[in-house]
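# Summary of the model geometry
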Amino acid sequence: KRVIEEAEILCLPSFAEGVPMAILEGMAHALPIVTTAVGGIPDLIANGRNGILIPVGDRAAISAAIVNLLRDPIERLRLGNSAQDTVRKLCGIDQVAELLSELYLTIWHRSTVIKDMHSPVCACPPVERCGCQGAGLPLKQTDIVEPKNC
């Protein structure tokens, strides 16, 4: 068995982070998370809802949070299940596919010309020339034409 599968709690008391993979993996395994509110962590963990946020460097708070969770299996389960729901909503395959699709459409949009505007417009930088400023217009295959040499 992997260590994470045997864990009861995931604790990551960092002084600096981005969005830690360890937290995402712990959330995916329905572990309650005890961590600090640094970097991108507060975007994932809401204190008391799907984990516990502690002040940076506060050893007493870390210890208390861990001991309280070890003594309360119902709270561990509640926080862990909520953490798992959160990571599925934020990082599930459907969500990631949608974000990638939006990214690819934005890139494609920047390299094409939108027809049915007042006049054909060059899609070469700056994108603002087409009037959409690179975002917000629904795009379909029939709405776009390939750029011409300009």
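Residues numbered from 1 in each chain as written. Predicted model: local features only at pLDDT ≥ 70, side-chain atom pairs only at ≥ 80, totals over all residues. Heavy atoms only, no water.

### Points about the overall build of the chain
This is how the line gets drawn: Counting from the N terminus, the helices are DSSP H or I runs at least four residues long and the strands are E runs at least two residues long. For each residue, the accessible area found with a 1.4 Å probe, counting protein chains only, is set against the maximum for its type, and the residue is called buried under 20%, exposed over 50%, and partly exposed in between. Residues count as neighbours in contact if any of their non-hydrogen atoms are within 4.5 Å of one another. The protein chains shown are the only cover counted for residues, whose accessible areas, like all others here, come from Shrake-Rupley with a 1.4 Å probe.
When helices and strands are tallied, the chain shows six helices and five strands. Along its sequence from the N terminus, the chain presents helices and strands in the succession α-β-α-β-α-β-α-α-α-β-β. Burial status across the chain gives 33% buried among its 150 residues. Taking all contacts inside the chain whose residues are at least 6 apart in sequence as the whole, residues at least 24 apart take part in 47%. Roughly 9,700 Å² of accessible area belongs to the chain as shown, and the carbon and sulfur atoms make up 58% of that amount.

### Considerations on the confidence of the model for the chain
Where we set the bar: The predictor's confidence in any single residue is recorded as pLDDT, a number from 0 to 100.
Per-residue confidence for the chain averages 79 on the pLDDT scale, and 72% of its residues sit at or above 70. Under a pLDDT of 50 for its full length, residues 113–145 has, in the predicted model, 41 contacts with residues more than four places off or in other chains.

### Digging into the nonpolar core
How we decide: Buried Ala, Val, Leu, Ile, Met, Phe, Trp, Tyr and Cys residues that are joined via side-chain atoms within 4.5 Å together make up what is termed a nonpolar core.
Judged by nonpolar contacts, the single largest core of 15 residues is most densely connected at Leu 10, Ile 23, Met 27, Ile 33, Ile 41, Leu 44 and Ile 45. Sorting the residues of this core by element identifies β1 (10–12), α2 (21–28), α3 (41–44) and α5 (73–91) as the ones contributing at least two each. Residues within four places of Leu 10 in sequence aside, it is in contact with Ala 22, Ile 23, Gly 26, Leu 31, Pro 32, Ile 33 and Val 34. Counting residues in hydrophobic clusters, the runner-up holds eight residues, among them Val 34, Ile 52, Ile 62 and Leu 69.

### Things to note about α5
As a reminder of what qualifies: Expected span of a helix, by definition, is 1.5 Å for each gap between consecutive residues, and there is one gap fewer than residues.
In this model α5 runs 26 Å from its N-terminal to its C-terminal C-alpha over 19 residues, within 8% of the 27 Å that 1.5 Å per residue would give. Of the residues making up α5, those classed as buried are Arg 76, Leu 79, Gly 80, Ser 82, Ala 83, Gln 84, Thr 86 and Val 87. Buried residues in α5 make contact with α2, α3, β3 (52–54) and α4 (59–71).

### Details of unusual backbone geometry
We note that Ala 30 has phi near 60 degrees; this positive angle belongs to a residue other than glycine. Considering the arrangement of structural elements, one finds Ala 30 in the loop between α2 and β2 (33–36). The exposure class of Ala 30 is partly exposed, given its relative accessible area of 23%.

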